[in-house]
Amino acid sequence: MISKPDILNASILIVDDKDVNVRLLEQMLSDAGYTHTTSTMDPYEVCPLYRQNRYDLILLDLQMPGMDGFQVLEGLKAIEPDGYLPVLVITAQPGHKLQALQAGAKDFVSKPFDLVEVQTRIHNMLEVRLLYKKLENYNKRLEQTVAERTAELRESEARFRRLTELASDWYWEQDENGRFTKVYGPALEMLGITVDALLGEPQGNNKARWDEADYAVFKANIAARRPFLDFVYSRTKSDGSRQYLMVSGEPMFDSSGRFTGYRGIGKDVTESMREKQNSS
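Residues numbered from 1 in each chain as written. Predicted model: local features only at pLDDT ≥ 70, side-chain atom pairs only at ≥ 80, totals over all residues. Heavy atoms only, no water.

Naming follows an unreviewed UniProt entry, where the protein chain appears as PAS domain S-box-containing protein of Nitrosospira multiformis.

Here it is, written out as structure tokens:
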């Protein structure tokens, strides 16, 4: 909520070509405790003053020579095309009230002044205006926070990718149906492995295919939702050569305990397996 000191410290601009009206409103606002009141009897000054000071409230007389209040409203709307226009119009013409509201004013008071009514309308308008500004500032801070967090997440993901690429040939994630949702790693192209072939079904004779025994063990781990570490499986490539790949993975669950998929890392260990076989 907006406190009374906040309302009394709000900035107010009085616009009237009659000195007696200006002094009356200034005295009324001063007696009510308002501390930041400015006035002008020149309607041509209103837009420059508002552009510079962004008043919380403008008390605007409609009947002024040279430039009337409706023209002032048009100028203010050009400054705040999408914002809140804090204008309370002052008029002695009942027919001008609806026209002023349609032109962008938020409220009106009639001449001759009823001081209690004027004070009430000013207080209510300032409360709404300050709440609007508070919400606007909150939204700006929220947008800034979201932008900062988004940048942090992107940097974190980029750093994560770099680390996983240093530690392994690829990082992967699957959804609960076994479909790959993320695969990072330049080694995929070098190995000639497609995303679907990483942990997919054994292929036919015309393509690289899993060792059936290895595949059965792997499928058993997946079906039981068990994590697996350094699981080595072999594939016969299309050229007849044997390739060995090592993967590690863990199941993922959401906050309610529902299984959402797997994630893990993998790398090509063909050379080390060949060396091990040759030395044994």
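This paragraph deals with the overall build of the protein chain. The helix and strand tally for the protein chain stands at nine helices and 11 strands. Partitioning the intrachain contacts of the protein chain with sequence separation of at least 6 by distance along the chain shows that 55% fall at a separation of at least 24. (Helix = DSSP H or I, 4+ residues; strand = E, 2+ residues; numbered from the N terminus. Contact = heavy atoms within 4.5 Å.)

Because the α-helix completes a turn every 3.6 residues, residues three or four places apart line up on one side. End to end, helix 8 (residues 212–223) covers 16 Å across 12 residues, agreeing with the expected 16 Å (1.5 Å per residue, within 8%). Turning to helix 8, its buried residues number three or more, namely Asp214, Tyr215, Phe218, Asn221 and Ile222. Down the axis of helix 8, the smallest arc covering the buried residues is 120°, so these residues share one side. In helix 8, the exposed positions that point more than 90 degrees away from the buried face belong to Glu212, Ala213 and Ala223. (Expected span 1.5 Å × (residues − 1). Buried < 20%, exposed > 50% of the residue type's maximum accessible area, 1.4 Å probe, protein only. Arc of directions from axis to C-beta.)

Mapped onto the elements of the fold, aspartate 239 is located in the loop between strand 9 (228–236) and strand 10 (242–253). Overall, aspartate 239 belongs to the exposed group, its relative accessible area being 58%. At 2.7 Å, the side chain of aspartate 239 and the side chain of serine 241 are in polar contact. (Polar contact = N/O pair within 3.5 Å; in protein donor to acceptor, adjacent residues only side chain to side chain.)

Moving on, we get to a nonpolar patch on the surface. Together, Leu135, Tyr138, Leu142 and Val146 make up an exposed nonpolar region whose accessible area comes to about 380 Å². In this structure, valine 146 sits in helix 6 (residues 115–167). We classify valine 146 as partly exposed; its relative accessible area is 47%. (Patch = residues over 30% accessible without salt bridge, like charges linked within 9 Å, V, L, I, M, F, W, Y side chains within 5 Å. Areas by Shrake-Rupley, 256 points an atom, 1.4 Å probe, with all protein chains shown as cover. Salt bridge = Lys/Arg side-chain N within 4 Å of Asp/Glu carboxyl O.)

Take the packing of aromatic side chains next. Under the definition given, this model contains six aromatic pairs. Between phenylalanine 228 and phenylalanine 231, the ring centres sit 6.5 Å apart and the planes meet at 75°, which makes this aromatic pair edge-to-face. According to the relative accessible area criterion, phenylalanine 228 is buried, its value standing at 6%. According to the relative accessible area criterion, phenylalanine 231 is buried, its value standing at 12%. The structure contains a cluster of three or more aromatic residues connected by ring pairs, namely Trp172, Phe228, Phe231, Tyr233, Phe253, Phe259 and Tyr262. Above the ring of phenylalanine 108, the side-chain terminus of arginine 121 is found at 5.5 Å from the ring centroid. Just above the ring of phenylalanine 259 sits the side chain of arginine 225; from NZ or CZ to the centre is 3.8 Å. (Phe/Tyr/Trp six-rings, centres within 6.5 Å; stacked < 30°, edge-to-face > 60°. Lys NZ or Arg CZ within 6 Å of the ring centre and 35° of its normal.)

By the secondary structure assignment, glutamate 173 is in strand 6 (residues 170–175). A polar side-chain atom of glutamate 173 sits 2.4 Å from a polar atom in the side chain of tyrosine 171. Non-local contacts of glutamate 173, meaning those with residues more than four positions away in its chain, are made with Arg179, Phe180, Thr181, Lys182, Met252, Tyr262 and Arg263.

Time to look at the pairing of strand 5 (residues 107–110). Bridging between strand 4 (residues 87–91) and strand 5 involves four bridges; their strand directions are parallel. Its bridge partner being in strand 5, isoleucine 90 is matched across the sheet by valine 109. (Pairing = 2+ DSSP bridges.)

Moving on to the pairing of strand 10. Burial analysis of strand 10 places nine of its 12 residues in the buried class, which makes it a mostly covered element. In this structure, strand 9 lies alongside strand 10, joined through seven bridges in antiparallel fashion. From the neighbouring strand, arginine 235 faces strand 10, where its bridge partner is glutamine 243. Taking the residues that link successive antiparallel strands as the turn, the strand 9-strand 10 hairpin has five residues, and the phi of glycine 240 there is positive, at about 90°. The pairing of strand 10 with strand 11 (residues 259–268) spans nine bridges and is classified as antiparallel.

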